[in-house]
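Tertiary structure, described
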Amino acid sequence: MRTLYIHQHLNDLRGATVVKDENGAATYLLVGKWGLQRDVLSLYAIDGALLAEIRQLTLGILPKFSIYQDRQQIGTVGKSLGFLREVIYIRGLNWIVVGNTLKDSYRVYHGTQLVFSLKPVKFTSGYYHELSIVDQELEPVAILIASVLDHWARKGDRRVKKSTTTSTWSDD
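Residues numbered from 1 in each chain as written. Predicted model: local features only at pLDDT ≥ 70, side-chain atom pairs only at ≥ 80, totals over all residues. Heavy atoms only, no water.

Side note on the pattern of salt bridges
Any two side chains of opposite charge can pair, given that their charged atoms come close. This is how the line gets drawn: Criterion for a salt bridge: a side-chain nitrogen of Lys or Arg within 4 Å of a carboxyl oxygen of Asp or Glu. The secondary structure listing takes helices from DSSP runs of H or I that are at least 4 residues long and strands from runs of E that are at least 2 residues long, numbered from the N terminus. A simple rule labels every residue: compare its accessible area, found with a 1.4 Å probe on the protein chains alone, to the largest value its type can have, and call it buried under 20%, exposed over 50%, or partly exposed in between.
Applying the stated criterion to the full structure yields three salt bridges. Measuring nitrogen to oxygen at the nearest pair gives 2.7 Å for the salt bridge that ties glutamate 139 to arginine 2. On the criterion of sequence distance, the pair formed by glutamate 139 in helix H1 (residues 139–153) and arginine 2 in strand E1 (residues 2–7) is long-range, its members being 137 residues apart. Salt-bridge contacts for glutamate 53 lead to arginine 55; the nearest nitrogen and oxygen are separated by 2.9 Å. Judged by its relative accessible area of 13%, glutamate 53 is buried. In this structure arginine 55 comes out as partly exposed when scored by relative accessible area, which is 31%.

Given below as structure tokens:
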């Protein structure tokens with residue numbers, strides 16, 4: 001299992017975010033924006049190779065996104081109506097997201113197998129999402145789904161959620 005960190009933004013993602021590993025080393029680059037139909041978030045390896053994308057298909061209170069890896073659509077995810085505890089099904093991947101929007105904490109399963117978990121953490125350099133992923137090959141898709149979950153959790157609340165742990169590595 002590998003742990004990655006995604007910086008939390010107070011506003012919607014617009015521009016670029018560096019995804020770091022547990023040592024603070026840059027691992028991926030997340031680029032793009034949302035809010036409009038056909039907006040795209042793209043995930044690149046540090047060497048510049050496009051790894052995965054998530055494209056906004058619909059707008060409204062229950063938006064949908066399509067997930068691409070190696071330029072092939074592999075699934076779709078849509079917001080569901082839930083109160084406090086959410087359950088979201090990711091079609092194509094057969095993943096189930098179980099989470100709590102108040103804690104901004106989620107677990108994603110394929111059947112009974114954990115795929116990844118997501119929770120907020122605080123470092124001296126700011127607030128991040130800690131993403132613990134079971135299989136390194138699933139990291140690109142997990143990062144994009146985590147970004148969508150964060151966007152949905154904070155859509156009505158632009159304040160940063162309370163973190164659960166503190167560490168000291170700094171953002172370079």
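Remarks on the packing of aromatic side chains
Operational definition: Ring geometry is summarised as follows: Phe, Tyr and Trp rings, the Trp one being its six-membered ring, pair when their centres sit within 6.5 Å, and such pairs are stacked at plane angles under 30 degrees, edge-to-face over 60 and tilted between the two.
Per the counting criterion, the structure on display carries three aromatic pairs. For the ring pair tyrosine 5 and phenylalanine 123, a centre distance of 5.0 Å and an interplane angle of 80 degrees mean the geometry is edge-to-face. Remark: phenylalanine 123 occurs in strand E11 (residues 113–123) and tyrosine 5 occurs in strand E1; sequence separation between them is 118 residues. You can call phenylalanine 123 buried: its relative accessible area is 3%.

What about the nonpolar core?
Rules: Joining through side-chain atoms within 4.5 Å is the link that ties buried Ala, Val, Leu, Ile, Met, Phe, Trp, Tyr and Cys residues into a set, and such a set is a nonpolar core.
In this structure, Trp95, Phe116, Leu131 and Ile145 are the most contacted members of the largest nonpolar core, which totals 33 residues. With nine residues, H1 is the single largest residue contributor to this core.

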